[in-house]
Amino acid sequence: MLSFIKDIELPFKIPTPDKTIKVAVTGLSRSGKTVFLTSLINQLIANDKLPYLNEKLKRPFIARLLPPDSVYIRFDYYSKIKAFRAKDPKWPKATKSVSKTTLQLEFKSEYAFLKNQIVNIELIDYPGEWLLDLSMLEQSYEEWSESMIELANEEKRYPYAKEWFDFLKGLDFYNRNNDEFIEEQLHDQYTEYLKRLHYQGYSFVQPGRFLEPGDMQDDPLLQFCPLPAPPKGEEAHPDSIYVHFKERYDQYIQEVVKRLYLEHFESFDTQIILVDLLKAMEHGYDVFEDMHLSFKHILKSFTYGANNFITRFFKLEINQVIFAATKADHLPASQHERYKRLLEEMIWDLKKELDVRHIDTEVTVFSAVKSTRDVKAKLDGKEVDCIRGVVDGEKEPSTHFPGMLPQSYHDDNFLKKGDFHLTKFKPISFPLRDTKAVEHIRMDKLIYSILKDRV
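Okay, so let's go over this structure. (Residues numbered from 1 in each chain as written. Predicted model: local features only at pLDDT ≥ 70, side-chain atom pairs only at ≥ 80, totals over all residues. Heavy atoms only, no water.)

1. A look at the overall build of the protein chain
Definition in use: Secondary structure is summarised from DSSP: a helix means a run of H or I of at least four residues, a strand means a run of E of at least two, and numbering begins at the N terminus for each. Per-residue accessibility, obtained with a 1.4 Å probe over protein chains only, is compared with the maximum for each type, and a residue is labelled buried under 20%, exposed over 50%, and partly exposed between these values.
What the protein chain contains, in helices and strands, is 14 helices and 11 strands. Taken across its 455 residues, the protein chain has 53% of its residues classed as buried.

This is how it looks when you write it as structure tokens:
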């Protein structure tokens, strides 16, 4: 087409189609959702550190935050960015409930007679622990209890569950119960077992609300735990502990789990799953495998096929899933490919399932805020790649070697607990003006993955 056509001015502008891209951002606790969202908004508004994105799009744009939606809690970007811009910046507290924010991108039209294109990116942030509960929709209380008790009896979990199992001994679950305090203690003992698991790096815990209750803190509805089913041929008394727990479980599924996803997860274009894979590296093979189990349960609920019960029930229409390993700045760049390969190995079967169902999948590693720089240092007389940054609680930068990631988690010498050391660094300060964005690693590529083929 002749180039002069682009410069033709009409007395009116021809509308261009506007788009809304709905993005679900999830991740298990401490995976970096809050930092990711803060950086993503900061990057798009400033647009001074997104070379890959701009090269691919080849279309100038401006970004702005839209006013809050009255139905949703808004992601509190302004308080987060203010904390990051302080002289002594600190990592923000994690969000404990579902939040939403909308970024509006206005792209310059290619032709003068066309209106600029508007693309809204709706970002929904929700705790991954809540998403773990979605697979409970398929299970009755009896089935769920059996699976949780079986899991707790596994060799790697039993030491953390022993106190709960000991408390179960000698209790009568099936006859009439006149002591409500026993029910509260049962719930508390089970919750303590989940907390012990979580402290040791394990991520698959159900119900996730027991660890991240949100607005249900101390709600009586959460007062249940798995219990063995009555012996064959016997029925539990209507006022027994077992029946009370079963009723609360059923109510929890109907009023909390089902309602949450009906309200928030009907139609996403993209699901971003943030993975704190370095936590698994630090705790060893068992925790690495447990994290795989968590994501299997999360994606089990979003199988996306026409025969999947969640698809039939909620009409979910996710077209793209991005697995993103966070905190790449805690590793020297020379280990980033290994880091990505380990994530690919962890979720290979899940990715294969999505690929078969024609869902676009992507695996990446990134850092929303780059708080370290790569340096060389000598270790046992050998020069190794290290990272240098300010450790949390200190004032001056120091150099650290985190350990060498294995080529594969199938290696016989896969990391044992203690072989890898995850140092907690302080964040760098964000620039004071919106025209400048914070340093990052591969955020521009991740943002392009959200926008590609839609702009």
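2. Details of the side chain of Asp133
Stated formally: We count Lys and Arg on the positive side and Asp and Glu on the negative side, and we leave His and both chain ends out. We count a salt bridge whenever a side-chain nitrogen from Lys or Arg sits within 4 Å of a carboxyl oxygen from Asp or Glu.
Structurally, the position occupied by Asp133 is in the loop between helix H4 (128-132) and helix H5 (141-152). Buried charge Asp133 goes without a salt bridge, the closest partner of opposite sign being Arg209 at 5.6 Å.

3. Topic: the nonpolar core
For clarity, the cut-off: We define the nonpolar core as a collection of buried residues of types Ala, Val, Leu, Ile, Met, Phe, Trp, Tyr and Cys that are connected through side-chain atoms lying within 4.5 Å of one another. Contact between two residues is taken to exist if any of their heavy atoms lie within 4.5 Å; hydrogens are not considered.
Residues Trp164, Tyr190, Leu227, Tyr252, Leu277, Phe295 and Phe323 are the most contacted members of the largest nonpolar core, which totals 81 residues. Per-element tally for this core: the top contributor is helix H8 (residues 241-264), with 10 residues. Once residues lying within four places of it in the same chain are set aside, the contact partners of Leu277 are Phe288, Met291, Tyr339, Leu342, Leu343 and Met346.

4. Structural notes on the packing of aromatic side chains
Heads up, the rule is: Note on aromatic pairs: the rings of Phe, Tyr and Trp (six-membered ring only in Trp) are paired at centre separations within 6.5 Å, and the planes decide the class, stacked below 30 degrees, edge-to-face beyond 60, tilted for the rest. Each ring is checked for a lysine NZ or an arginine CZ that lies within 6 Å of its centre and within 35 degrees of its normal; such an atom marks a charge sitting over the ring.
The full count for this structure, using the stated rule, is 23 aromatic pairs. Here the aromatic rings of Phe84 and Trp91 are separated by 6.1 Å at their centres, their planes lie at 85°, and the arrangement is edge-to-face. Overall, Trp91 belongs to the partly exposed group, its relative accessible area being 27%. Above the ring of Trp130, the side-chain terminus of Arg209 is found at 3.5 Å from the ring centroid.

5. Let's talk about the sheet that holds strand S10 (residues 382-390)
Across a sheet, strands are paired by hydrogen bonds formed along the backbone, either parallel or antiparallel in direction. Threshold: Pairing between two strands requires that DSSP report at least two bridges joining them. All axes are obtained by fitting lines to C-alpha atoms, using only the stretch in contact for helices, and the reported angles, taken between N-to-C directions, cover 0 to 180 degrees.
With antiparallel pairing, 3 strands are arranged side by side in an open sheet as S9-S10-S11. Among the strands making up the open sheet, the edge pair consists of strand S9 (373-379) and strand S11 (397-400). Each adjacent strand pair in this sheet contributes to an overall mean axis angle of 40°, direction not counted. By the bridge criterion, 4 bridges tie S10 to S11 in an arrangement that is antiparallel. The residue bridging Val390 from the neighbouring strand is Pro397, located in S11.

6. A short note on helix H1 (residues 33-46)
Definition in use: A helix's residues, less one, multiplied by 1.5 Å, set its expected span.
An ideal rise of 1.5 Å per residue puts 20 Å on 14 residues; H1 measures up with 20 Å between its terminal C-alpha atoms. Summarising burial for H1: 13 of the 14 residues are buried, a large majority.

7. Focus on the pairing of S10
Note: S9 against S10, 7 bridges, orientation antiparallel. Looking at the pairing, Arg373 lines up with Arg388 of S10. The hairpin formed by S10 and S11 contains 6 residues between the paired strands, and Gly393 there has a positive phi angle of roughly 95°.

8. So, the environment of Asp166
With respect to the helices and strands, the residue Asp166 is situated in helix H6 (residues 158-168). Judged by its relative accessible area of 30%, Asp166 falls in the partly exposed class. Between the C-alpha atoms of Asp166 and Gln189, which are 23 residues apart in sequence, the distance is 9.8 Å.

9. Describing helix H3 (residues 77-84)
Note: α-helices contain 3.6 residues per turn, so residues at a spacing of three or four share the same orientation. Selection criterion: Read the arc as the range of directions from the helix axis to the C-beta atoms.
For H3, the complete set of buried residues consists of Tyr77, Lys80, Ile81 and Phe84. Along H3, the residues classed as buried sweep out an arc of 95° about the axis, all on the same side. Where the residues of H3 are buried, they touch H1 and strand S2 (61-65).

10. Looking at the packing of H6 against helix H7 (residues 180-199)
The condition that has to hold: The labels follow the angle: roughly parallel below 35 degrees, roughly antiparallel above 145, roughly perpendicular from 65 to 115, and oblique for the rest. By convention the crossing between two helices is left-handed if the near helix lies anticlockwise of the far one by an angle smaller than a right angle, and right-handed if it lies clockwise.
The contact between H6 and H7 brings their axes to 7 Å, and the two run at 165°. With respect to each other, H6 and H7 are oriented roughly antiparallel. Judged by the sense of rotation from one axis to the other, the crossing of H6 with H7 is left-handed. Here Tyr160, Ala161, Glu163, Trp164, Phe167 and Leu168 of H6 come into contact with H7, specifically with Ile182, Gln185, Leu186, Gln189, Tyr190, Tyr193, Arg196 and Leu197.

11. What to know about the side chain of Ser367
What counts is decided by this rule: N or O atoms closer than or at 3.5 Å make up a polar contact, with two conditions inside protein: a donor-capable atom paired with an acceptor-capable one, and, for residues adjacent in sequence, both atoms drawn from side chains.
You can see Ser367 is positioned in the loop between strand S8 (360-365) and S9. The class for Ser367 is buried, based on a relative accessible area of 2%. Of note is the side chain of Ser367, whose polar atom sits 3.0 Å from the side chain of Asp329. Of the polar contacts made by the side chain of Ser367, one reaches the backbone oxygen of Val369; its length is 2.7 Å.

12. Examining the pattern of salt bridges
Inspection of the entire model under this criterion finds 20 salt bridges. As a salt-bridge pair, Asp360 and Lys452 come within 3.9 Å of each other at their nearest N and O atoms. Of this pair, Asp360 sits in strand S8 while Lys452 sits in the segment after helix H14 (443-451), and the two are 92 residues apart along the sequence. The exposure class assigned to Asp360 is partly exposed, which follows from its relative accessible area of 34%.

13. Quick word on the pairing of strand S6 (residues 270-275)
In terms of burial, S6 is largely enclosed, as 6 of its 6 residues are buried. Across 5 bridges, the pairing between strand S1 (residues 19-27) and S6 is parallel. Looking at S6, one finds that Ala24 is bridged to Gln271.

14. What to know about the environment of Thr34
Structurally, Thr34 can be placed in helix H1. Classification of Thr34 by relative accessible area gives buried; the value is 5%. For the pair Thr34 and Pro92, spaced 58 residues apart in the sequence, the C-alpha separation amounts to 7.2 Å. Leaving out residues up to four positions away in the same chain, Thr34 has contacts with Phe75, Lys80, Pro92, Lys93, Ala94 and Thr95.

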